[in-house]
Amino acid sequence: MENKQRYATLTLDDGRSVEMPILSGTMGSDVIDVRGLSKMGLFTYDPGFFVTASCTSSITFIDGEAGLLYYRGYPIEQLAEKSDFLEVSYLLMNGELPTAAQAEAFKRNVTRHTMVHEQIARFFSGFRRDAHPMAVMVGVVGALSAFYHDSLDISNPHHRAISATRILAKIPTIAAMAHKYHVGSPFMYPKNKYGYAENLLYMMFATPTEEYEPNPVLVRALDRILILHADHEQNASTSTVRLAGSSMANPFACIACGIAALWGPSHGGANEATLKMLEEIGDVSRVKDYVQGVKDKKYRLMGFGHRVYKNMDPRAAVMRETCHEVLAELNLENQKLFELAMELERVALSDPYFIDHRLYPNVDFYSGIVLRALGIPVNMFTVIFAVARTVGWISQWSEMIADPNYKIGRPRQLYQGAARRDYVAMAERE
Ligand code: CMC
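Everything numeric in this text was worked out from a predicted model, so none of it was measured.

**Student:** How would you summarise the layout of surface pockets if you had to cite specific residues and measurements?
**Tutor:** Regions of empty space are outlined by a rolling probe, equal in size to a water molecule, passed over the atoms. Considered as a void within the structure, the second largest pocket measures approximately 320 Å³ in volume. Along the wall of the second largest pocket there are 16 residues; nearest its centre are M93, R160, A161, A164 and T165. Of all elements in the fold, only helix 2 (85-94), helix 3 (100-111), helix 6 (157-183) and helix 17 (381-402) reach the threshold of two or more residues within the lining of the second largest pocket. In terms of residues, the lining of the second largest pocket owes the most to one element, helix 6, which gives seven residues. Here the lining of the second largest pocket is composed, by residue class, of eight nonpolar, seven polar and one charged.

The following block contains the structure:
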């Protein structure tokens with residue numbers, strides 16, 4: 001049976017009215033197509049985009065109320081348990097899970113692109129050693145367009161695919177270099193025998209003087225962090241990538257914009273902020289007082305709450321499990337900081353204030369703890385998030401560019417400044 005087009009009718013107080021089509025996706029809320037309002041000289045007002053869909057997408061589905069997250073239709077829990085980051089990357093970029101041959105070819109292709117142009121190593125030395133690694137990431141990733149300009153014709157699907165592979169393959173190398181530069185150690189080249197997460201740990205922690213074999217439990221934990229953070233539909237950084245890309249800017253520049261947006265503590269900076277908060281609380285005995293301060297609205301509990309998930313974040317449930325596994329593997333459960341984190345989790349999950357406000361630990365609460373347990377420095381936490389999200393950004397960017405209906409992004413505003421007035425000569429100003 002053919003579905004009948006449904007409409008929402010908006011009637012203004014001056015009697016004019018407009019019929020707006022109601023659009024339905026495969027899953028999720030219906031969306032009212034408000035584009036017809038512009039013919040009446042009207043715009044919609046929705047700061048923070050609480051109820052505004054900025055695009056159509058087939059990549060990621062979230063139901064915040066039900067706590068669901070699917071990549072290309074596959075539940076995140078299944079992918080976290082059964083898949084690995086490179087397979088998930090293939091899925092996000094291509095829409096389907098790979099066959100064995102496709103997975104092998106993809107892995108080979110990504111692995112063969114992990115080294116960066118040798119001059120990039122020298123580019124690093126322009127940064128201060130004490131620069132935040134995210135500042136370095138924004139700069140170096142933006143600079144990739146100066147090194148790989150042979151694949152920047154964004155109207156060419158082949159160029160887009162090459163750039164996508166390059167960015168996915170090189171981002172762990174650049175992240176590890178940012179860390180090595182910060183601590184003053186020599187850069188470690190990637191090794192083709194390692195998998196994606198393994199290589200990242202190797203490049204961060206190996207030195208030319210010591211043998212280093214990544215611990216498989218820790219590799220798996222990092223791989224899970226990468227899977228869980230790989231995409232999250234139209235969040236602030238992804239929307240930033242899309243908006244930058246809508247002007248036909250090159251993909252490396254767009255990803256650099258995404259990294260900048262991710263850096264903020266309300267977004268990707270939350271795992272770093274969580275650890276800083278735990279260090280500030282300092283001891284289990286201070287949790288109660290700290291929580292009281294949150295209720296008195298003196299500050300927020302970092303790593304708690306989410307714009308979309310108002311029940312449990314499904315990624316947090318998976319990460320919680322990994323968090324406990326890693327703490328047990330490394331025998332860290334009784335260490336002060338981790339004890340404190342678990343107490344904070346217990347209090348927040350049972351306190352009526354947090355229950356009423358539907359504030360649950362989010363994925364960054366647990367990933368922060370896991371990253372710390374893996375020995376990754378706190379200032380690298382958001383960098384790891386950026387490594388994971390790069391595949392989501394590039395998939396969303398590619399989807400937008402391939403869409404024949406895509407247009408430059410141009411939000412409207414509700415102007416509240418001065419009305420028209422005439423220039424007053426300086427001598428006559430009061
Ligand atoms: N601690 C204490 N109270 C909070 C928190 C928090 N973390 N988050 C929200 N609230 C309260 C807020 O005070 C407000 O209370 P009331 O209604 O009494 O005034 C209510 O909850 C709604 O807050 P909101 O700011 O309108 O909610 P939002 O949907 O705009 O904020 C958020 C979402 C993630 C920015 C916010 O929860 C937050 O600041 N969390 C801490 C930072 C964090 O962990 N961010 C990572 C998000 S997950 C990673 C990612 O996907 O990027």
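**Student:** Account for the pairing of strand 4 (residues 60-63), with residues named and values stated.
**Tutor:** Bridging between strand 4 and strand 5 (residues 68-71) involves four bridges; their strand directions are antiparallel. Within strand 5, the position partnered with D63 by the bridge is L68.

**Student:** Talk me through the nonpolar core; I want residue IDs and the actual numbers.
**Tutor:** Counting residues in each nonpolar core, the largest one holds 119 residues, and the members touching the most others are M137, V141 and L344. Considering every element that reaches this core, the biggest residue donor is helix 17, with 13 residues. In contact with L344, other than residues within four places in its own chain, are M277, L278, I281, V287, V291, L301, F304 and F365.

**Student:** So what about the site of the ligand? Which residues, and what values?
**Tutor:** As a matter of local geometry, the ligand sits amid 20 residues, with H267, K297, R300, L301 and H357 nearest to it. S266 is positioned such that a nitrogen or oxygen atom in its backbone is 3.4 Å from a nitrogen atom of the ligand. In the environment of the ligand, an oxygen atom lies 3.3 Å from a nitrogen or oxygen atom belonging to the side chain of K310. When the ligand is considered free in solution it has 950 Å² of accessible area, and contact with the protein chains removes 75% of it. Residues of the shell around the ligand, tallied by class, amount to seven nonpolar, seven polar and six charged.

**Student:** Report on the pairing of strand 1 (residues 6-11), specifying residues and quantitative values.
**Tutor:** Bridging between strand 1 and strand 2 (residues 17-23) involves six bridges; their strand directions are antiparallel. Bridge assignment links R6 to a residue of strand 2, and that residue is I22. The antiparallel hairpin formed by strand 1 and strand 2 contains five residues in its connecting segment, where G15 sits at a positive phi of about 95°.

**Student:** Describe the sheet that holds strand 6 (residues 74-75), naming the residues involved and giving the relevant values.
**Tutor:** Read across the sheet, three strands follow the order 4-5-6 without closing on themselves; strand pairing throughout is antiparallel. With one partner strand each, in any of the chains shown, strand 4 and strand 6 form the two edges of the open sheet. The sheet contact formed by strand 5 and strand 6 spans two bridges and is antiparallel. Residue pairing across strands places Y71 opposite Y74, the latter belonging to strand 6.

**Student:** Break down the environment of T99 for me, citing the residues and quoting the values.
**Tutor:** Here T99 shows up in the loop between helix 2 and helix 3. Taking relative accessible area as the criterion, T99 reaches 44% and is therefore assigned partly exposed. In this structure the C-alpha to C-alpha distance between T99 and N3, which are 96 residues apart in sequence, comes to 35 Å.

The rules we used
Residues numbered from 1 in each chain as written. Predicted model: local features only at pLDDT ≥ 70, side-chain atom pairs only at ≥ 80, totals over all residues. Heavy atoms only, no water. 1 Å grid on protein atoms, 1.4 Å probe; cavity = no way out; pocket = protein on both sides within 12 Å on 5 of 7 lines; lining within 4 Å. Points joined across faces, edges and corners; volume = space filled by probe spheres on them. Helix = DSSP H or I, 4+ residues; strand = E, 2+ residues; numbered from the N terminus. Nonpolar A, V, L, I, M, F, W, Y, C, P; charged D, E, K, R; others polar. Pairing = 2+ DSSP bridges. Core = buried A, V, L, I, M, F, W, Y, C linked by side-chain atoms within 4.5 Å. Buried < 20%, exposed > 50% of the residue type's maximum accessible area, 1.4 Å probe, protein only. Contact = heavy atoms within 4.5 Å. Near = heavy atom within 4 Å. Polar contact = N/O pair within 3.5 Å; in protein donor to acceptor, adjacent residues only side chain to side chain. Areas by Shrake-Rupley, 256 points an atom, 1.4 Å probe, with all protein chains shown as cover.

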